[in-house]
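# Structural description and commentary
Residues per chain, in single letters:
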Amino acid sequence: MALSRKRQRELNRLKRDAERLWDEQREAIEHATLVLKDARRQAANFAREEVRPRVREGVGAARDGLGAARDAASTARERFTDDVLPAISGTIGSALAVLEAAKNPAVRDVVRRISKAGQKARVVTPPKSNGPGHYILIGLGVVAFAGIAYAAWQTLRADDDLWIEDLGDPGSADIDDDDF
């Protein structure tokens, strides 16, 4: 099959254009490779100089916060068990002892004899009405009980927001030039 001269010239021109296009594409790919290598190097430098120190600061701050939260929780538990619980149990024990003593017939007898002696000596006894002091003392007792209950609740409640998950080893997430 013979081609005419015109067709042969068109085919040769098309072949030259294809070869020129192929050379241009090869040059563009080589240039893109160089740009990507430079971008990779710049990204590695940026990660090493900017990102890594900030990540380390964040991890250090998180660890410091976690340690402070654990210390605070430990101190609160110790204070509660060493200070609050003994005070509460001592107060309750004293109140129960007074109630038991008031039920004792010997104590009642002594109180009656003192009252009779006071009447014979004409000592004025205070009226048995409930004055404002009585209600103030009841109010103070309620406020004290509410404060103790609130302190106990704050100490014993679960603070899930204070605990941060362990982030692993600080050096395991390092970025090097080889990673890009």
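Residues numbered from 1 in each chain as written. Predicted model: local features only at pLDDT ≥ 70, side-chain atom pairs only at ≥ 80, totals over all residues. Heavy atoms only, no water.

### Let's talk about the overall build of the protein
Scanning the protein from N- to C-terminus turns up three helices and zero strands. Relative to its full complement of 180 residues, the protein shows a buried share of 6%. When the accessible surface of the protein is totalled, it reaches about 15,600 Å², and 60% of it is carbon and sulfur. (Helix = DSSP H or I, 4+ residues; strand = E, 2+ residues; numbered from the N terminus. Buried < 20%, exposed > 50% of the residue type's maximum accessible area, 1.4 Å probe, protein only. Areas by Shrake-Rupley, 256 points an atom, 1.4 Å probe, with all protein chains shown as cover.)

### Quick notes on the pattern of salt bridges
Scanning the model with the defined rule gives seven salt bridges in all. Salt-bridge contacts for Asp109 lead to Arg113; the nearest nitrogen and oxygen are separated by 3.5 Å. Of this pair, Asp109 and Arg113 are both found in helix 2 (residues 105-120), four residues apart, which corresponds to roughly one turn of the helix. Judged by relative accessible area, which is 34%, Asp109 ranks as partly exposed. For Arg113, a relative accessible area of 52% puts it in the exposed group. (Salt bridge = Lys/Arg side-chain N within 4 Å of Asp/Glu carboxyl O.)

### Topic: the confidence of the model for the protein
Averaged over all residues, the pLDDT of the protein equals 79, while 82% of them reach at least 70. Of all helices and strands in the protein, the one with the weakest mean pLDDT is helix 2 (77), whereas helix 1 (residues 5-103) scores best (86). (pLDDT = per-residue confidence, 0-100.)

### A short note on a positive patch on the surface
Together, Arg5, Lys6, Arg9, Arg13 and Arg16 give the surface a local cluster of positive charge. With respect to the element layout, Arg13 can be found in helix 1. (Patch = residues over 30% accessible without salt bridge, like charges linked within 9 Å, V, L, I, M, F, W, Y side chains within 5 Å. Lys, Arg positive; Asp, Glu negative; His and termini not counted. Charge placed at Lys NZ, Arg CZ, Asp CG, Glu CD.)

### Observations concerning helix 1
In an α-helix, one turn spans 3.6 residues; hence positions three or four apart end up facing the same way. Along its length, helix 1 reaches its greatest deviation from straightness, about 40 degrees, at Ala47. Listing the buried residues of helix 1 in full gives Ala44, Asn45, Ala47, Arg52, Val59, Leu66, Ala69 and Phe80. Among the structural elements, helix 3 (132-156) are those in contact with the buried residues of helix 1. (Bend = angle between axes of the 7 residues up to and from the residue. Contact = heavy atoms within 4.5 Å.)

### Things to note about the packing of helix 1 against helix 3
At a minimum axis distance of 10 Å, the contact between helix 1 and helix 3 shows a crossing angle of 150 degrees. In terms of axis orientation, helix 1 runs roughly antiparallel to helix 3. Judged by the twist between their axes, the crossing of helix 1 over helix 3 is left-handed. Of the residues in helix 3, those in contact with Ala76, Arg77, Phe80, Val84 and Ile88 of helix 1 are Ile148, Ala152, Thr155 and Leu156. (Axes fitted to C-alpha atoms, helices over the stretch in contact; angles between N-to-C directions. Parallel < 35°, antiparallel > 145°, perpendicular 65-115°, else oblique. Left-handed = near helix turned anticlockwise from the far one by under 90°.)

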